[in-house]
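Examination of the molecular architecture
Letter by letter, the chains look like this.
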Amino acid sequence: MSDNKPISHVAQTIQPQTQSIIPVLTLAGSDCSGGAGIQADLKTFNAHKLFGMSVILSVVAENTSRVISSYDVPTQSISEQMEAIFEDIPPYATKIGMLGSNAIIDCVAENLAFYKPQNVVVDPVMFAKNGFPLMPKDCRIAFKRRILQLSDVLTPNIPEAQELCGFTINDKEDMQKAALCLYEMGAKAVLLKGGHSQANADDVFYNGTFHILESPKIATKNTHGTGCTLSSAIAANLALGCDTLYAVKKAKEYVFHAILYSLQLGKGNGPTNHFFRF
């Protein structure tokens, strides 16, 4: 007779092996194809061995080639999602991504002012890879007025920084000028990403002192969701206790390898590999 009895027949109770883990939160749009937005953020948190939570702000129908549509979540639902998180599992860091309307910007700003989360990383997502306006132009004034000053780290790329600052960025000196401009608008630290530069992927970091963070360009089209991944990696490192500059440096290293080992999926800009370490 076999000794392999069904689990339901085992007499003793097995105690679960629990462990503490650091929670982190993302507020962003949902990317159904999995490469950007909420999905990229949660993968990044998981890759850093953190417990990822989410507040969905918009539902975006997109893939590696195009954005088909974007539908905003009602602000009541956004506030209720925030309430559910902060009354039970307050995050050690919060990443904010796509903000698709003035109503959402106002709602998020009010909730941030009420809950006062620590380590807020703001990625001012304005355009999809194909140019689709994820933050409509008429929302950018409200973003500067209500959200920018709440960021512990602001992570614009060059086109986003141009929109926020109101001048063209042609070289590294212009990038430094823009980073200082955004810092003076209220961001506590600014990482101006240089990925759109033709020469290299060097970034400018400013938190009262300038740092040029050098990085070579990788010859690949598979860069879908890199901005989302970078900002959520910064949030992850801040949650783990890193100081801001070191959190940014570690996040850049993570994204570099996620692009280097990117995934050949889709007909357009394929996704990065969030789990290259595994």
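The protein chain is annotated in an unreviewed UniProt entry as hydroxymethylpyrimidine kinase from Helicobacter aurati. Quoted verbatim from the Pathway (unreviewed entry) heading of the UniProt record, the comment on the protein chain is "Cofactor biosynthesis; thiamine diphosphate biosynthesis."

1. Quick look at the overall build of the protein chain
Helix and strand counts for the protein chain stand at eight helices and nine strands. Taking 19 Å as the expected radius of gyration for a compact globule of 278 residues, we find that the protein chain reaches 20 Å, a close match to that expectation. For the protein chain, the spread of C-alpha atoms along the three principal axes comes to 80 × 45 × 40 Å. Here the protein chain holds 278 residues, and 49% of them are scored as buried. Of the contacts formed within the protein chain by residues at least 6 apart in sequence, a portion of 68% connects residues at least 24 apart. In the form shown here, the protein chain has an accessible surface area of approximately 13600 Å², with 52% of it arising from carbon and sulfur atoms. Charge separation in the protein chain, taken as the distance between the mean sites of 23 positive and 25 negative side-chain charges, equals 5 Å.

2. Concerning the pairing of strand S8 (residues 203-206)
Remark: a regular strand shows side chains that alternate across the two faces of the sheet. The alternating pattern of S8 places Asp203 and Phe205 on one face and Val204 and Tyr206 on the opposite face, and all of these are buried. Judged from the three bridges that link them, strand S7 (residues 190-192) and S8 form a sheet pairing that is antiparallel. Residue pairing across strands places Val190 opposite Tyr206, the latter belonging to S8. Both S8 and strand S9 (residues 210-213) contribute to a ladder of four bridges, which runs antiparallel. Considered in S9, the bridge of Phe205 is made with His211. The hairpin formed by S8 and S9 contains three residues between the paired strands, and Gly208 there has a positive phi angle of roughly 110 degrees.

3. Comments concerning the packing of aromatic side chains
Counted under the stated rule, the structure contains seven aromatic pairs. The interplanar angle of 15 degrees and the centroid separation of 4.7 Å between the aromatic rings of Phe86 and Tyr115 together place this pair among those described as stacked. Separated by 29 residues along the polypeptide, Phe86 in helix H2 (residues 75-86) and Tyr115 in helix H3 (residues 102-115) bring together distant segments of the chain. Among the residues examined, Phe86 registers a relative accessible area of 14% and is labelled buried. On the basis of relative accessible area, Tyr115 is assigned to the partly exposed category, the value being 23%. When the centroid spacing of 4.9 Å and the interplanar angle of 85 degrees are considered together, the rings of Tyr183 and Tyr206 count as edge-to-face. Linking Tyr183 in helix H6 (residues 172-185) with Tyr206 in strand S8, this pair joins segments that are 23 residues apart in sequence. These aromatic residues form a ring-pair network of at least three members: Phe86, Phe114 and Tyr115. Its end group placed over the ring of Phe167, Lys177 keeps NZ or CZ at 4.4 Å from the ring centre.

About the criteria used
One numbering rule holds for all chains: residues counted from 1, following each sequence as written. Only residues with pLDDT of 70 or above have their local features reported here, since the model is predicted, and side-chain atom pairs are shown and tallied only from 80 upward, although totals for entire chains, interfaces and linings are computed over all residues. No hydrogens and no water enter the side-chain calculation; it runs on all heavy atoms of the structure. UniProt positions are given in the numbering used here, feature names are shortened, and annotations may be inferred rather than shown by experiment. Where helices and strands are cited, they refer to DSSP runs of H or I of at least four residues and of E of at least two residues respectively, numbered from the N terminus. Atoms considered for the radius of gyration are the C-alpha atoms alone. The globule rule reads 2.2 Å times the number of residues to the power 0.38. Relative accessibility decides the category of a residue: with a 1.4 Å probe and only protein chains considered, values under 20% of the type maximum give buried, values over 50% give exposed, and everything between is partly exposed. In what follows, a contact means two residues having at least one pair of non-hydrogen atoms within 4.5 Å. Surface accessibility in these figures is a Shrake-Rupley result with a 1.4 Å probe; residues are shielded only by whichever protein chains are displayed. Neither His nor the chain termini are counted; the positive set is Lys and Arg, and the negative set is Asp and Glu. The atoms used to mark charge sites are NZ of Lys, CZ of Arg, CG of Asp and CD of Glu. For two strands to count as paired, DSSP must find a minimum of two bridges between them. Whether two aromatic rings pair depends on their centres lying within 6.5 Å, for rings of Phe, Tyr and Trp, where Trp uses its six-membered ring; planes under 30 degrees apart make the pair stacked, over 60 edge-to-face, and the rest tilted. Whether a charge sits over a ring depends on NZ of Lys or CZ of Arg being within 6 Å of the ring centre and within 35 degrees of the ring normal.

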